[in-house]
Every structure is written in C-alpha cells, then in structure tokens.
Amino acid sequence: MVYPERFANLPVATWPRLRGLLDAVQPGGDVINMTIGDPQHDFPDFVGEVLNEELGRFRSYPNNNGEPALLDAIAGYVQRRYGVTLGHDNLIVANGTREALYNAAMALCRETKGGQRPIILTPNPFYQVYAVAALSVGAEPVYVNATTETGHLPDFASLPKDVLDRTAVAYICSPANPQGAVADAAYWKTLIALAEAHDFIIFADECYAEVYRDTPPIGVLEVAQEVGADPERIVAFHSLSKRSNLAGLRSGFVASGPENIKRIRTLRAYAGSPVAGPVQAVSTRAWSDDSHSAENRALYAAKFDVADQILGDMPGYRSPPAGFFLWLPVDNGEATALKLWRETGVRTLPGSYLSHDTPTGNPGEKYIRVALVAPKEDVQRGLNLLRDCIKD
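Remember, it's a predicted structure, so these values are computed and weren't measured experimentally.

Criteria and cut-off values
- Residues numbered from 1 in each chain as written.
- Predicted model: local features only at pLDDT ≥ 70, side-chain atom pairs only at ≥ 80, totals over all residues.
- Heavy atoms only, no water.
- Buried < 20%, exposed > 50% of the residue type's maximum accessible area, 1.4 Å probe, protein only.
- Helix = DSSP H or I, 4+ residues; strand = E, 2+ residues; numbered from the N terminus.
- Arc of directions from axis to C-beta.
- Contact = heavy atoms within 4.5 Å.
- Axes fitted to C-alpha atoms, helices over the stretch in contact; angles between N-to-C directions.
- Parallel < 35°, antiparallel > 145°, perpendicular 65-115°, else oblique.
- Left-handed = near helix turned anticlockwise from the far one by under 90°.
- Nonpolar A, V, L, I, M, F, W, Y, C, P; charged D, E, K, R; others polar.
- Core = buried A, V, L, I, M, F, W, Y, C linked by side-chain atoms within 4.5 Å.
- Pairing = 2+ DSSP bridges.
- Right-handed = clockwise from strand over helix to strand, strands pointing away.
- Expected span 1.5 Å × (residues − 1).
- Polar contact = N/O pair within 3.5 Å; in protein donor to acceptor, adjacent residues only side chain to side chain.
- Phe/Tyr/Trp six-rings, centres within 6.5 Å; stacked < 30°, edge-to-face > 60°.
- Lys NZ or Arg CZ within 6 Å of the ring centre and 35° of its normal.

Q: Could you give an account of helix α8 (residues 220–227), with specific residues and numbers?
A: Within the span of α8, buried status applies to Val220, Leu221, Val223 and Ala224. Seen along its axis, α8 keeps its buried residues to an arc of 165°; they face one direction. Next to the buried residues of α8 lie α3 (68–82), α7 (185–198), β6 (201–205), β7 (234–239) and β8 (252–256). One or two steps after α8, the chain reaches Gly228, where phi turns positive at roughly 70°.

Put into structure tokens, the structure is as follows:
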C-alpha cells in the first residue's frame, strides 16, 4: 500500500502531544484544567427552547448555503458590530470556523503563482488548520513569527519580495490565539495594501472578536470598506463558539466578495456538510441577540482582573486586551507545564505545541498558554498555584 506524503511530516497534534507529556505523571493536587479553550460559561437560555421547537427539522436536508433568516441575522450582526452592509451573496454559513478556514483555501488558493508553487502565510504561533489547509492545496506554508518585538502579530510586510510575490493567501487571527493581541486599523490598512500590491487574499480569523475587555476590536471588513478595498481581497471568518459559548453547536459564517462566496458555495455543494436546520434556527437567534454576548464578556473581564492582581508583578506578564488566554513567558514552556502538573495539578499548554520551528527558533518555546475558561474561583486558585510554583 502506498500512501500520500503530503501529511507525512506533520508533528504530533497538540492534544495527543500534551497527553504524552503529562498523562504518565501523577498530578500534584486537585486537577485544574487550564489548557483547551473550551468555553465553560452558560450558553443563552433560548438555545433549548429553539432546538425543541425545531426538532422535527432534523428529518430534512438543510439549506447548504444558509437559510435566508440566518443570513439576515448574520448581516444584521455585521451591520451593528462593524457598520458594514452585506447581502446574502456575501455570506455562507459553516460548521464552525475550522471547516470554513480549511475549505476556503481549497476553493480560493490558486494552483500556481507566477509559474511557481504558491505560498500560504500563517502566523506563528498558529491555529493548526492553517498549515494543513496549505499542504492540502499543494501550497508552501510559510510561518511568520509573532513575537513581543512584532506586537504578537505577524509582520508580513518584512518578508522578502519574492515570498510576497508567491503568496496566494495570508491567514491572520485577530484577536490572536494565543496571545490576545489585536490588529488595529493601521495594521489592517498595511496588510490590505500589501495584499493589493502583491495580489493575495487575506483570510481573517476573527472568532474571538466578541471576547474583549474594553474596546471592541476593529474588524477587517470595516477597514476594507473604509479604504475601498476590493471585497474579493478579504475573507472574514466568525463563529458562535466563543461569542455565545456554543462550541459544540459548530456554527459560524464566512463573509467576502460575491465571487469568493460563489466559489466556496460551489465546493460546498460537492463536498460540504450543511449546518443542520435546528442548528441554523438557534444560530439565527444567537446572531440576532447581543445581550448574552455582553454578559459573557463581563465574566471574562472579571477573570482577567483576577489574573492582573495575581500575576501583575510577574516578569514579562502582559495583560491581553482580548481573547481568553494568557500567554505567559517562562524559561521553558514544556518543562514548566510538566512542573506545574507534577507539583500542583494545574494543567497548562506548552507554547511550542502551538508553534512551528523556524530558522530563528520556535516563538512559543518560552511560553505557556493558560485558558481562563473555568469558573472564576477555579481560575483564581489555579493562578495562585501557578504563580507560587513558577516563583519556586
């Protein structure tokens, strides 16, 4: 049997790798899991009610592109949040953003660029689907380090001209996972100008856009509208996973120019799995309601206040403006995660498990990612244990 080689060199995935590091070791106390970004806050009260009302629709095939009512609700959210008007031909629903981020590359990444193998740029650290999407379409993934020096966002403009000229797609996550950094208007304008100069598409992963502390993160759609960018130059991805604590619902959307959406719809008609009708009904209600998202945001803000109080004097500590992770500097992320587990039972994620080795090193090697998704009391206890253990 001969198997394809395109995925042969993928590293062990993040969570099996973490289990391999920690699970053979006894925890040093009651387990506090601060690894995965699995929202623990309550989802909106209306979810069960809507599902119950719509249960009968599970017997029917759903609308592959999104029911008109859902597309209307999404367009309403985008208008309220970003001041951008979108039509149905600018939108398609998806089973969460991971599927959408992958399939958009399948639909939109060209086979060659200037007669050469195309490049897909990805921030480093990165969400693993970016790299797998690049390999799936035969592109070369290029990992662009996002470090303290670059404001924890990738400095795409510093790349050599020959790399940018081969670039077909650039993934960018804002607010960033894991650092919580937010791309401001100047960053977006620079990136859009770069994309127009070198003819590539921006894939903006904005699934953490509704989890922020003070100022709502500016979105790529509103900046693109301000500068008059070609709508086909931008593809924005959003999800209910973090906004509404509905990670298991698997519901999100893609927004872009009509030609991009047409091509994504064409691929989806052959290979996509439509979002179930009852799920679309819940999603319609969720995108139409902002109050539950504000309540959710307040819960995270309170936990970040706790983190600031406990870790504020820790060398290198940075209080992120958005997202729900701490990106904590340590001497060695893997050794620190193992020490925390063995001595306290606090489970964290080594930053190198989210990053790719580059000629200048692994940008996550000296970090751990700490998720603030647990109840406030657990977060407080876990951070106190973490601080004391690291100080020792």
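Anyway, onward from the coordinates.
Q: Could you give an account of the packing of α3 against helix α11 (residues 277–288), naming the residues involved and the relevant values?
A: Between α3 and α11, whose axes approach to 8 Å, the crossing angle comes to 20°. By the angle between their directions, the pair α3 and α11 is classed as roughly parallel. In the packing of α3 onto α11, the handedness of the crossing is left-handed. On α11, the residues touching Ala69, Leu70, Ala73, Ile74, Tyr77 and Arg80 of α3 are Gln280, Ser283, Thr284, Trp287 and Ser288. Of the residues in the contact of α3 with α11, the class split is 6 nonpolar, 4 polar and 1 charged.

Q: Mind laying out the nonpolar core, listing which residues take part and the relevant values?
A: Soluble globular proteins tend to bury their nonpolar side chains together. The biggest cluster of nonpolar side chains holds 57 residues, and the ones touching the most others in it are Val78, Leu121, Phe156, Ile172, Trp188, Ile202 and Leu221. Of all the elements, α3 adds the most residues to this core, at 8 residues. Excluding anything up to four places from it in sequence, Leu221 contacts Val78, Val84, Leu86, Ile234, Ala236 and Ala255. Listed in part, the 29 residues of the second largest apolar core include Ala100, Val129, Ala139 and Cys173.

Q: Describe the pairing of strand β4 (residues 140–145), listing the residues and the values that go with them.
A: Most of β4 is tucked away, with 5 of its 6 residues classed as buried. Looking at chain direction, strand β3 (residues 119–124) and β4 are connected through 6 bridges and run parallel. Each residue of the ladder has a partner; that of Ile119, found in β4, is Glu140. Following the chain from β3 across helix α5 (residues 128–136) to the adjacent parallel β4, one finds a crossover that is right-handed.

Q: Summarise helix α13 (residues 333–344); cite the residues concerned and give the values.
A: Look at α13: 16 Å from first C-alpha to last across 12 residues, which is about the 16 Å you get at 1.5 Å a residue. Of all the positions in α13, only Gly333, Thr336, Ala337, Leu338, Leu340, Trp341 and Thr344 are classed as buried. Residue Asn332 occupies the N-cap position of α13, its side-chain oxygen lying 3.1 Å from the main-chain nitrogen of Glu334. Positive backbone phi, approximately 85°, marks Gly345, located one or two places after α13.

Q: Describe the packing of aromatic side chains, naming the residues involved and giving the relevant values.
A: Throughout the structure, instances matching the rule amount to 15 aromatic pairs. For the pair Phe324 and Phe325, a centre-to-centre distance of 4.9 Å together with 65° between the ring planes defines the contact as edge-to-face. Residue classification places Phe324 among the buried positions, given a relative accessible area of 0%. On the numbers, 4.8 Å between centres and 5° between planes, the contact of Trp327 with Tyr367 is stacked. In this pair, Trp327 is assigned in strand β9 (residues 325–329) and Tyr367 in strand β12 (residues 367–371), connecting sequence segments 40 residues apart. Classification of Trp327 by relative accessible area gives buried; the value is 6%. Among the residues examined, Tyr367 registers a relative accessible area of 14% and is labelled buried. Within the aromatic cluster, the residues linked to one another by ring pairs are Tyr127, Tyr130, Tyr171, Phe203 and Phe237. Between the NZ or CZ atom of Arg347 and the centre of the ring of Trp341, over which it lies, the distance is 4.8 Å. Positioned above the aromatic ring of Phe325 is the side chain of Arg369, whose terminal nitrogen or guanidinium carbon lies 3.9 Å from the ring centre.

Q: Give a description of the sheet that holds strand β11 (residues 349–350) that names residues and reports values.
A: Sheet architecture is open: 3 strands sit in the order β9-β12-β11, paired in antiparallel fashion. Looking at the sheet topology across the chains shown, the edges are occupied by β9 and β11. Both β11 and β12 contribute to a ladder of 2 bridges, which runs antiparallel. Directly across from Leu349, in β12, lies its bridge partner Arg369.

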